[in-house]
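Structural features, examined
Here is how the chains run, residue by residue.
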There are 2 protein chains.
Amino acid sequence: PQMDPQIEGNRNRFMDFPYVSGLYRDLMVELVLTMESRLEPYLLPCTLPQDVQYYHNDARTAHGSLHIRSGIKPSPIDFVLGSWLHCELPSGALNITSLSAYLSPLTDAPNFLMELIQSSPTSLVFILDLPPRKDLVIHSDYLKTFYEDTQLERHRQLLEKIPEVRPYSSSSLYIRCVISPTAILVCIETEAGKTDRMEEIVRDYVSAVAKEVLGVWLDRCACGEREMGEADRIYLAKRDGIIKKETLQIDLGSSLPRLFGQEVAGRVLEAIQEVSHTRGI
Amino acid sequence: PQMDPQIEGNRNRFMDFPYVSGLYRDLMVELVLTMESRLEPYLLPCTLPQDVQYYHNDARTAHGSLHIRSGIKPSPIDFVLGSWLHCELPSGALNITSLSAYLSPLTDAPNFLMELIQSSPTSLVFILDLPPRKDLVIHSDYLKTFYEDTQLERHRQLLEKIPEVRPYSSSSLYIRCVISPTAILVCIETEAGKTDRMEEIVRDYVSAVAKEVLGVWLDRCACGEREMGEADRIYLAKRDGIIKKETLQIDLGSSLPRLFGQEVAGRVLEAIQEVSHTRGI
């Protein structure tokens, strides 16, 4: 069947991951396809403007792609968001690839978040979490269901045992509050030139853990039934809105203008805000 | 003036810290005296039973002391709690000293928590935090007031730079949820036999940081004015109650029976529950 060349072209642009090695590209493509094929009945097509699905700075030293698919209403999906960034910096090339999914107030199950930040071929920050959507301090049943019973802790502990892996702290105190107690936030550093060892760690551990945690999220969170009352939904909608607004501001609000200039950054941030309905909250 | 010998005797028993070295004893005594002298107008005397102020197991291989002073009502203080434990284990002597303070629902300011766990003369776990009393994800003003403006993060970063210091994770996911984003949870390990280096780290860093953070807590939390509405107080009382019940269960509920036997552990836990009003919640 003949595809709309424009839509197909854009789809490919995001899924190309043109600046990272085959290992990272294969991992990202597999994660995106796994997530989207499972959630397909709930997802609308990506309707972002062309110049947001792919964007670059004036000097063409920074390139980015954004891919957002909103959930149909009503459905448990708010939206899924994929992104990659590539910047040539004085210190070397920076590559950031990420995949996240936000659920709707029809469920209180955790969201999904994964990010790979390569600041050199021998340095990788790996962030993987199911960020909770309730205050875990007063909802210990929620903690048990999504974090204890799912044994997410063993993935964190597996990675911690690798000699090249160190814990990573977000410089933002707010981001530290938003993540779960089983969040994986690690910095992986191999010796200068040891890119083969880095690829080994990514292939044997990072990829495996990312796929397993995505599986847990799809089975238990995105596709798990949760009974929700009206008050719960109102509370969740409010809390979700605050998180989206604050994390967007912290995560992209400062870095995009720096890397792409004010005009491009403004256009991309506005497109995200429009989809995430956080404007004016 | 003539003191009541019994009260004076008990007071001394807790403040003796008889099983730890002078360095740890001096630190604990200074912290307790600093806290209690500043909060004196709000504090009732310790009225714990004799056999809870000091207790031991049948074999006399495990000794413990508990010191609790409730706040007068109404006052911003719920209670302050000091404790030490000493156990002779097959692996060596275990010494735990701790000081914590819980505020009342008249304020929403963070609590205070410090714990030193020495499992050998060259191994120390140091926990220091102002655990928040609100959901920081939706109260970013609270995060700013108590954690950003107070610059608590710099103490954590100072300790992180010491080569013998590694991050420490509580095995309890619930405890990880209860702590703040600037919580200090570190494991300090010096080479076998290097007790002098451990004492140096405790004197130059651990003591200094503990005193500074206690100062911040006294100035900004325990003695800072906060405007609280009726709904805020009800919410806080409920959240505080859940935290006290859960953490007590996790922290002491499993270790005390193991170290002291069921009877002694039951007596001590009951005394804590009575003071912390968590029974039946």
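Residues numbered from 1 in each chain as written. Chains lettered and ligands numbered in written order. Predicted model: local features only at pLDDT ≥ 70, side-chain atom pairs only at ≥ 80, totals over all residues. Heavy atoms only, no water.

1. Here we look at the overall build of chain A
- When helices and strands are tallied, chain A shows 10 helices and eight strands.
- Expected size for 281 residues packed as a compact globule is a radius of gyration near 19 Å; at 18 Å, chain A falls within 12% of this value.
- Dimensions of chain A along its principal axes, counting C-alpha atoms only, are 50 × 45 × 40 Å.
- Split into buried and exposed, the 281 residues of chain A put 53% on the buried side.
- Look at the contacts in chain A between residues 6 or more apart in sequence, and 63% of them connect residues 24 or more apart.
- Per element, the accessible surface of chain A, about 12900 Å² overall, is 51% carbon and sulfur.
- Of note, chain A has its 29 positive side-chain charges centred 2 Å away from the centre of its 39 negative side-chain charges. (Helix = DSSP H or I, 4+ residues; strand = E, 2+ residues; numbered from the N terminus. Rg over C-alpha atoms; globule rule 2.2 N^0.38 Å. Buried < 20%, exposed > 50% of the residue type's maximum accessible area, 1.4 Å probe, protein only. Contact = heavy atoms within 4.5 Å. Areas by Shrake-Rupley, 256 points an atom, 1.4 Å probe, with all protein chains shown as cover. Lys, Arg positive; Asp, Glu negative; His and termini not counted. Charge placed at Lys NZ, Arg CZ, Asp CG, Glu CD.)

2. Things to note about the environment of A:S100
- Positionally, A:S100 belongs in strand β4 (residues 92-103).
- Note: C-alpha distance between A:S100 and A:V213 (113 residues apart in sequence) is 12 Å.

3. Let's talk about the interface of chain A and chain B
- Listed by partner, the interface residues are 25 residues for chain A and 24 residues for chain B.
- Inspection of the region where chain A meets chain B yields four salt bridges.
- Across the salt bridge formed by B:E153 and A:R176, the nearest N and O atoms sit 2.7 Å from each other.
- Summed over the shared surface of chain A and chain B, the number is 12 residue pairs in polar contact (both at pLDDT 80 or more).
- Secondary structure elements with two or more residues in the side of chain A that touches chain B: α4 (140-148), α5 (153-160), α6 (173-178) and α8 (230-251) of chain A.
- Its residues assigned to classes, the side of chain A that touches chain B comprises 14 nonpolar, three polar and eight charged. (Salt bridge = Lys/Arg side-chain N within 4 Å of Asp/Glu carboxyl O. Polar contact = N/O pair within 3.5 Å; in protein donor to acceptor, adjacent residues only side chain to side chain. Nonpolar A, V, L, I, M, F, W, Y, C, P; charged D, E, K, R; others polar.)

4. Here we look at the relation of the copies chain A and chain B
- Once turned by 180° and shifted 0.0 Å along the axis, chain A lies on chain B with an RMSD of 0.0 Å. The transformation relating the two chain copies, once decomposed into turn and shift, fits a two-fold axis. In terms of C-alpha distance to the rotation axis, chain A has A:D135 as its closest residue, with the C-alpha 3.0 Å off the axis.
- A shared interface surface links the copies, since 96% of the contact residues of chain A are contact residues in chain B too. (Least-squares fit on C-alpha atoms with pLDDT ≥ 70 in both.)

5. Notes on the sheet that holds strand β6 (residues 123-129) of chain B
Residue and element names in this part refer to chain B.
- Pairing in this open sheet of eight strands is antiparallel, and the strands run β1-β2-β3-β4-β5-β6-β8-β7 from one edge to the other. The two strands at the open ends of the sheet, each matched to only one other strand, are β1 (54-56) and β7 (165-167). Pairwise comparison of adjacent strand axes, ignoring direction, gives a mean angle of 15° for this sheet.
- Both strand β3 (residues 77-89) and strand β4 (residues 92-103) contribute to a ladder of 12 bridges, which runs antiparallel. When the bridges of β4 are listed, L85 appears paired with I96. (Pairing = 2+ DSSP bridges. Axes fitted to C-alpha atoms, helices over the stretch in contact; angles between N-to-C directions.)

6. Some details on the environment of A:P45
Residues and elements named next belong to chain A.
- On the secondary structure map, P45 appears in the loop between α2 (22-39) and α3 (50-53).
- You can call P45 exposed: its relative accessible area is 56%.
- Each C-alpha atom, one on P45 and one on R226, is 26 Å from the other, the two residues being 181 residues apart in sequence.

7. Thoughts on helix α4 (residues 140-148) of chain B
- Among all positions in α4(B), only B:Y142, B:L143, B:F146 and B:Y147 are buried. Seen end-on, α4(B) carries its buried residues on one side only, within an arc spanning 100°.
- Of the surrounding elements, those touching the buried residues of α4(B) are α6 of chain A together with α7 (195-222) of chain B. (Arc of directions from axis to C-beta.)

8. Description of the sheet that holds strand β8 (residues 184-189) of chain A
All names here are of chain A.
- Reading across the sheet, the eight strands line up as β1-β2-β3-β4-β5-β6-β8-β7 and stay open at both edges, with antiparallel pairing between neighbours. With one partner strand each, in any of the chains shown, β1 (54-56) and β7 (165-167) form the two edges of the open sheet. Between one strand axis and the next, the sheet turns through 15° on average, direction left out of account.
- Strands in contact with α5 are β6 (123-129), β7 and β8; relative to β8, the strand with the most contacts, it is inclined by about 15°.

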